[in-house]
Amino acid sequence: MTAKDVILNGLADAVVEGDEGKCVEFANKALENNIDAYEAVIKGCAHGMRIVSDKYEKREMFVLEILLAARAMQGAVDVLRPYVKVEEIKVTGKVAIAVVLGDIHDIGKNIVKLLLETAGLIVFDLGRDVLPEALQDKVRAENVDLVALSALMTTSMMEMKEDVKLLKGEFPNIKIMVGGAPVSQEFCDSIGADGYADNASEAIRVSQKLISGEGGKKCQQMI
């Protein structure tokens, strides 16, 4: 295992442990060892959060531990963000992100927002339990390229269908990405959304693909 691997793995482990001090320490080590800052975010921080998400789905971690992991990751990202090279960001654009109406679970949304901002995107966070009309107003006011919708309950995810219908009705060219624990590729296809991401790190790739026009007509999961 190389020194680079040790640092990236250490960063991911620190996120999983929710150890903000250790996250900051490994983030600084990454810079000291000339590890690309964006790579450290994706292969260190985002990889750690993916492990956390998997553990949460298996009921091996709980909400408090996820919050600690997210705060720890924020500490590392704050160190790394100023060193992310602009030329590494393939696509820039504007994203409106929200948790759909009837759902107040915003942990996943907050993590995705953080990573999208790190990837150079302008992110408008509408919060949780968001009315479809609020999304419509934001897209109109800010000329948004992509809307990212999150739901953590099977009951609330049906609101995504209404959001997609309303937004596509007024903005035929708008791209819409969906995600959240109960959401699937099949559901994405069925409601006419453009992209699906099943974790925070993949949300970056999906967003970039959709904004660049590579997403195609069918809802796609870009890995």
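Residues numbered from 1 in each chain as written. Predicted model: local features only at pLDDT ≥ 70, side-chain atom pairs only at ≥ 80, totals over all residues. Heavy atoms only, no water.

Chemist: Account for helix 10 (residues 200–212), naming residues and giving values.
Modeler: Over its 13 residues, helix 10 extends 19 Å from the first C-alpha to the last, a length consistent with the 18 Å expected when each residue adds 1.5 Å. Among the 13 residues that make up helix 10, 10 are buried, leaving the element largely enclosed by the rest of the structure. Those residues of helix 10 not exposed but buried are Ala200, Ser201, Glu202, Ala203, Ile204, Val206, Ser207, Gln208, Leu210 and Ile211. Residues of helix 10 that are buried sit in contact with helix 3 (37–57), strand 1 (94–99), helix 5 (107–118), strand 3 (146–150), strand 4 (175–179) and strand 5 (195–196). Where helix 10 starts, the residue carrying a side-chain oxygen 2.9 Å from the main-chain nitrogen of glutamate 202 turns out to be asparagine 199. Within two residues after helix 10, glycine 213 carries a phi angle of roughly 90°, on the positive side. (Helix = DSSP H or I, 4+ residues; strand = E, 2+ residues; numbered from the N terminus. Expected span 1.5 Å × (residues − 1). Buried < 20%, exposed > 50% of the residue type's maximum accessible area, 1.4 Å probe, protein only. Contact = heavy atoms within 4.5 Å. Polar contact = N/O pair within 3.5 Å; in protein donor to acceptor, adjacent residues only side chain to side chain.)

Chemist: With reference to specific residues and values, describe a nonpolar patch on the surface.
Modeler: On the surface, Tyr56, Val63, Leu64, Leu67, Leu68 and Leu152 cluster together to form a nonpolar patch covering roughly 490 Å² of accessible area. Sorting elements by how many residues they give to the nonpolar patch places helix 4 (residues 63–80) first, with four residues. Assignment of secondary structure puts valine 63 in helix 4. The partly exposed category is assigned to valine 63, whose relative accessible area is 39%. (Patch = residues over 30% accessible without salt bridge, like charges linked within 9 Å, V, L, I, M, F, W, Y side chains within 5 Å. Areas by Shrake-Rupley, 256 points an atom, 1.4 Å probe, with all protein chains shown as cover. Salt bridge = Lys/Arg side-chain N within 4 Å of Asp/Glu carboxyl O.)

Chemist: Break down the packing of helix 1 (residues 3–17) against helix 2 (residues 20–32) for me, citing the residues and quoting the values.
Modeler: Running from N to C, helix 1 and helix 2 point in directions that differ by 160°, and their axes come no closer than 8 Å. Between helix 1 and helix 2, the interaxial angle falls into the category roughly antiparallel. The element helix 1 and its partner helix 2 pack so that their crossing is left-handed. In this structure, helix 1 uses Val6, Ile7, Gly10, Leu11, Ala14, Val15 and Glu17 to contact helix 2, whose residues at the interface are Lys22, Cys23, Phe26, Ala27, Lys29 and Ala30. For the contact of helix 1 with helix 2, the class distribution of residues is nine nonpolar, one polar and three charged. (Axes fitted to C-alpha atoms, helices over the stretch in contact; angles between N-to-C directions. Parallel < 35°, antiparallel > 145°, perpendicular 65-115°, else oblique. Left-handed = near helix turned anticlockwise from the far one by under 90°. Nonpolar A, V, L, I, M, F, W, Y, C, P; charged D, E, K, R; others polar.)

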